[in-house]
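# A closer look at the structure
Listed below are the residues making up each chain.
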Amino acid sequence: MSRLLITTVGTSLLTNRDDRPWTWSPRNDDPLPNPDDVDSWLTNADPIKASAEMNTLHRRDIGATDRISFLHSDTLEGKYCSERLGTYYANKCREVKQCVLKSLNYGDQSFAQSGLKSLISVTLQEIRSARSLRLMPTFCATGGFKAEIAFLNLLGALLNIEVYYIHELHREEVQLPRLPLTWDADYVLQHQDFFEWLKEDLRKSPEVENRLKACPELRPLVANVEMDGESYTDLSAAGELLYEAAKEFRPRAVWPQSSPNSPEKKNGLSGVEHHRPNGWEQYVDRLCKIDCVSYVRYNNDVRSRSNVNVINGEEGTIGVCFGPTGNVLPLQVDTTAKGIEQTELVADHIRKIRQ
């Protein structure tokens, strides 16, 4: 299944120190480097060292059918870094999109309210776009402001979306998997009239307080804003996140039914030898012991995909590449899963099986 990699952008492309032919610091009012010089340098740069975003995306095995949406701050340097990354990846995937996060900048008040709300709005818009195109949304949350990354992690947990990042001191990618959280999205939607009323217009604080008397538990989800000497109340960034996530929330898939086949009958590679990577028999045996797996076979067509990928969500078909680069065993794993959510649940389980 092709992916939409929703990627937050910081300024590490400008600030990392190595052999790059420029020096830039936000504190020194340095001019931004010539774009052509940066694009030329990136052509032969090590993606692991070039920038935080490239380090994460490099480990995602970007394919020709994938798409990337770069989410950058409302600053000149954020836009600049996002555009340079977009130029670099333009020929490495199907589409690159630039998304500005309005008011997400160095202004304290606008950052905490409008900036984070813009992050939520843009991210949810990209998720909806991915689903309409039958793409799997994935968050790459290495670059950008720390609060921005924290909100993206929470949104991923609420909407069952995987989050990937690499800390500057980590050499390996960190995956925050889909979490088995249960939260009362229905409770939020029960108060939909209040949320919609609050979002329709800027409401004076006394008005909002009158309505909150009937549901005081919603008070932590609003924030006061001072304008022209008047006090207004709006949804806080956290309130915006919970309300919008509740509207997008989909019930989590349940584990599929067991296959009637025995582990021995599931194995379609028993007689296949040739040049297989070490440990492939034990690995296939572990796959066959998963109760919802119905058959495991060789399929060369999944070789170019990432290690574990959904081939057909409606039919519960998953592609798995076992072994090191250059000696990969491409496998098709048929399961009893039905629908993309259930198939992704099984694929996530397979990802946790040590190769």
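Placed above this text is the structure.
Reading guide: rules and limits
- Residues numbered from 1 in each chain as written.
- Predicted model: local features only at pLDDT ≥ 70, side-chain atom pairs only at ≥ 80, totals over all residues.
- Heavy atoms only, no water.
- Salt bridge = Lys/Arg side-chain N within 4 Å of Asp/Glu carboxyl O.
- Helix = DSSP H or I, 4+ residues; strand = E, 2+ residues; numbered from the N terminus.
- Buried < 20%, exposed > 50% of the residue type's maximum accessible area, 1.4 Å probe, protein only.
- Pairing = 2+ DSSP bridges.
- Expected span 1.5 Å × (residues − 1).
- Contact = heavy atoms within 4.5 Å.
- Phe/Tyr/Trp six-rings, centres within 6.5 Å; stacked < 30°, edge-to-face > 60°.
- Polar contact = N/O pair within 3.5 Å; in protein donor to acceptor, adjacent residues only side chain to side chain.
- Axes fitted to C-alpha atoms, helices over the stretch in contact; angles between N-to-C directions.
- Core = buried A, V, L, I, M, F, W, Y, C linked by side-chain atoms within 4.5 Å.

### Thoughts on the pattern of salt bridges
In total, this model carries 24 salt bridges according to the counting rule given. Here Asp 348 and Arg 351 are joined by a salt bridge, their closest N and O atoms 3.8 Å apart. Of this pair, Asp 348 and Arg 351 both sit in helix α14 (residues 340-351), 3 residues apart, roughly one helical turn. Looking at Arg 351, the relative accessible area reads 23%, which means it is partly exposed. Here the salt bridges do not stand alone but share partners, grouping Lys 117, Arg 128, Arg 131, Lys 199, Asp 234, Glu 240, Glu 244, Lys 247 and Glu 248 into one network.

### So, the sheet that holds strand β7 (residues 203-204)
Taken in spatial order, the 3 strands line up as β7-β9-β8 in an open sheet, and their pairing is antiparallel. Here the strands that pair on one side only, and so sit at the sheet edges, are β7 and β8 (222-227). Alignment of β7 against strand β9 (residues 230-235), held across 2 bridges, turns out to be antiparallel. Residue Lys 204 lies in a different strand from β9, and its bridge partner there is Tyr 232.

### Some words on α14
Compared with the 16 Å implied by 1.5 Å per residue over 12 residues, the 16 Å span of α14 between its first and last C-alpha is a close match. Within α14 the residues assigned to the buried category are Gln 342, Thr 343, Glu 344, Val 346, Ala 347, Asp 348 and Ile 350.

### Digging into the environment of Glu 217
Position of Glu 217 among the secondary structure elements: in the loop between α10 (205-212) and β8. Leaving out residues up to four positions away in the same chain, Glu 217 has contacts with Tyr 187 and His 191.

### Focus on the packing of aromatic side chains
Going through the model one piece at a time under the given rule, you end up with 7 aromatic pairs. Relative to Phe 195, the ring of Phe 194 has its centre 5.8 Å away and its plane inclined at 70 degrees; by these criteria the two rings are edge-to-face. Its relative accessible area of 1% is what places Phe 195 among the buried residues.

### A look at the side chain of Gln 332
Of note, Gln 332 is situated in strand β13 (residues 329-335). Overall, the relative accessible area of 16% leaves Gln 332 in the buried class. Of the polar contacts made by the side chain of Gln 332, one reaches the side chain of Asp 334; its length is 2.9 Å. Beyond its immediate chain neighbours, meaning those up to four positions away, Gln 332 contacts Tyr 295, Val 296, Arg 297, Asn 299, Thr 317 and Ile 318.

### Some words on the environment of Ala 52
Secondary-structure assignment places Ala 52 in helix α4 (residues 52-58). Taking relative accessible area as the criterion, Ala 52 reaches 21% and is therefore assigned partly exposed. Residues Ala 52 and Gly 10 lie 42 residues apart in sequence; the distance between their C-alpha atoms is 7.8 Å. Every residue in contact with Ala 52, bar those within four places of it in the chain, is listed here: Ser 12 and Thr 142.

### Here we look at the sheet that holds strand β12 (residues 317-322)
Across the sheet, 4 strands lie side by side as β10-β13-β12-β11; this open sheet has antiparallel pairing. Each having just a single partner strand, β10 (293-298) and β11 (308-312) make up the two edges of the open sheet. Mean inter-strand twist for the sheet, computed between neighbouring axes without regard to direction, equals 25 degrees. One ladder, built from 5 bridges, connects β10 with β13; its direction is antiparallel. In the strand pairing of β13, Val 296 is matched with Val 333. Seen against the sheet, helix α13 (residues 280-288) touches β10, β12 and β13 and runs at an angle of roughly 10 degrees to β13. Strands β11, β12 and β13 of the sheet are contacted by α14, whose axis makes an angle of about 155 degrees with β11.

### What about the nonpolar core?
Judged by nonpolar contacts, the single largest core of 27 residues is most densely connected at Leu 71, Leu 119, Ile 127, Phe 139, Phe 151, Leu 155 and Leu 159. Among the secondary structure elements, those contributing two or more residues to this core are β1 (3-8), β3 (95-101), α6 (108-132), α7 (146-159) and α11 (237-248). The element that contributes the greatest number of residues to this core is α6, accounting for 7 residues. Those residues within four positions of Phe 151 in sequence are excluded, and the remaining contacts are Leu 116, Leu 119, Ile 120, Ala 237, Ala 238 and Leu 241.

### Looking at unusual backbone geometry
Positive phi, close to 65 degrees, is recorded for Asn 160, a residue that is not glycine. Following the sequence through the fold, Asn 160 ends up in the loop between α7 and β5 (163-165). In this structure, Asp 228 takes a positive phi of about 50 degrees despite not being glycine. Among the structural elements, Asp 228 can be located in the loop between β8 and β9. Given a relative accessible area of 80%, Asp 228 falls into the exposed group.

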